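# A look at the structure
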Amino acid sequence: MSTATEPSADRTPAAWAVGAVEAAPGADTVRRSELAAFLRSRRERISPEQVGLPRGPRRRTPGLRREEVAHLSAVGVTWYTWLEQARDIHVSAQVLDALARALQLDPSERSHLFALAGAADPDPGTECSGISPSLRQILEQLEPYPACVQNSRYDIRAYNRTYGRLLCDLDSLPYQDRNSMWLAFTHPQWQAALVDREETVRLMAAKFRAAMAEHIAEPAWKALLKRLQQASPEFRAIWERHEVLSGVTSRTKRFRNADVGLLHVQHTDLWLGPRHGPRVVAYVPADAETGERLEKLHALALADS
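These figures come from a predicted structure and were not determined experimentally.

### Let's talk about the overall build of the chain
- Each helix and strand counted, the chain has 14 helices and five strands in total.
- Across the 305 residues that make up the chain, the buried fraction comes to 41%.
- Partitioning the contacts of the chain with sequence separation of at least 6, the portion at a separation of at least 24 is 52%.
- Only carbon and sulfur atoms are counted for the fraction: they give 53% of the accessible area of the chain, which is about 16,300 Å².

### Examining unusual backbone geometry
- The omega torsion of the bond from Glu143 to Pro144 falls at 15°, within 30 degrees of zero and hence cis.
- Within the fold, Pro144 resides in the loop between helix 7 (133-141) and strand 1 (147-150).
- Phi at Ala74 is positive, roughly 55°, even though this residue is not glycine.
- Positionally, Ala74 belongs in the loop between helix 3 (66-72) and helix 4 (77-84).
- Its identity is not glycine, yet Gln104 carries a phi of approximately 55°, on the positive side.
- Residue Gln104 is classed as partly exposed on the basis of its relative accessible area of 38%.

### Overview of the pattern of salt bridges
- Under the defined criterion, the tally for this structure stands at 23 salt bridges.
- The residue Asp155 makes a salt bridge to Arg153 at a minimum N-O spacing of 2.4 Å.
- On the accessibility criterion, Asp155 (7% relative accessible area) is buried.
- Here Arg153 falls in the buried class, since its relative accessible area comes to 11%.
- Among the charged side chains, a salt-bridge network with shared partners connects Asp97, Arg101, Arg110, Asp177 and Arg227.

### Section: the packing of aromatic side chains
- Per the stated rule, a full pass over the model turns up eight aromatic pairs.
- Centre to centre, the rings of Tyr159 and Tyr163 are 6.4 Å apart; their planes meet at 45°, and the pair counts as tilted. Note on accessibility: Tyr159 and Tyr163 belong to one class, buried.
- Pairing Phe235 with Trp239 gives two aromatic rings, centres 5.4 Å apart and planes at 25°, and the pair type is stacked.

### Things to note about the packing of helix 2 (residues 27-45) against helix 6 (residues 107-117)
- Put simply, helix 2 and helix 6 touch, their axes get as near as 9 Å, and they point 150° apart. In this view, helix 2 runs roughly antiparallel relative to helix 6, as classed from their interaxial angle. Classified by chirality, the crossing of helix 6 by helix 2 is left-handed. Touching Arg31, Glu34, Leu35, Phe38, Leu39, Arg42 and Arg45 of helix 2 are Glu109, His112, Leu113, Ala115, Leu116 and Ala117, all from helix 6.

Conventions and cut-offs
- Residues numbered from 1 in each chain as written.
- Predicted model: local features only at pLDDT ≥ 70, side-chain atom pairs only at ≥ 80, totals over all residues.
- Heavy atoms only, no water.
- Helix = DSSP H or I, 4+ residues; strand = E, 2+ residues; numbered from the N terminus.
- Buried < 20%, exposed > 50% of the residue type's maximum accessible area, 1.4 Å probe, protein only.
- Contact = heavy atoms within 4.5 Å.
- Areas by Shrake-Rupley, 256 points an atom, 1.4 Å probe, with all protein chains shown as cover.
- Salt bridge = Lys/Arg side-chain N within 4 Å of Asp/Glu carboxyl O.
- Phe/Tyr/Trp six-rings, centres within 6.5 Å; stacked < 30°, edge-to-face > 60°.
- Axes fitted to C-alpha atoms, helices over the stretch in contact; angles between N-to-C directions.
- Parallel < 35°, antiparallel > 145°, perpendicular 65-115°, else oblique.
- Left-handed = near helix turned anticlockwise from the far one by under 90°.

Written out as structure tokens, the structure is:
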């Protein structure tokens, strides 16, 4: 006698085929297995020295141990172990973001991580995503004047060579850190380049709060806000004032570049869509001396490219 779980002896080949399909692992199971394997492969390729950890005499694990990845990403060891065991657990975008940073994933690997986890990346970090070749050409033609493409969240999506050397070496930063507000609150060289920094960061935070009202539930905005609050006590203090600003502020700015000195520039926004969306930010010299110094900065950038 056949049971409900045993195949009948007289089942046709077609019936057996149906049973095989039904017994195959589901898409979620396959994706969790792929995620587990991907995490293990990325963990094993990173040496302890790369993340500032001692190797120790008894290390047998290639790369990092699970508990080390958990510590670096501020995730529970059990939780991370379950991920590598392909357990059926929910993983938040914040946890995935922390793992991507701890495992030093490049943009393609980060995108793959979020795709396998079935989550939306709050900070895609793709290199200049959505930037057309013609827009890149415009940025290049504006040289020696510094110019970049920036959105209302202050993400720097593209920039010309002069802008890349204006406040720090942007090329040396990971894509997810190329955000002018993040840099203004956390990057020492960028901070030192802002002559009127205290007023600048206060206005930036007020503009960010005003713009965020239209994006209050979006993961990328929430992720940046949380990251700033965790990294900068100064930002937290400013944010708690609930200041908002949506109008035009001073167009004259002062930067102190480490290579060419003090720069007085006029700030211009060229909007690429609805106001408060993406825009080209350009800086033109406010005096002849600044013009000469921007020429010198551009020449330095060309020499390094």
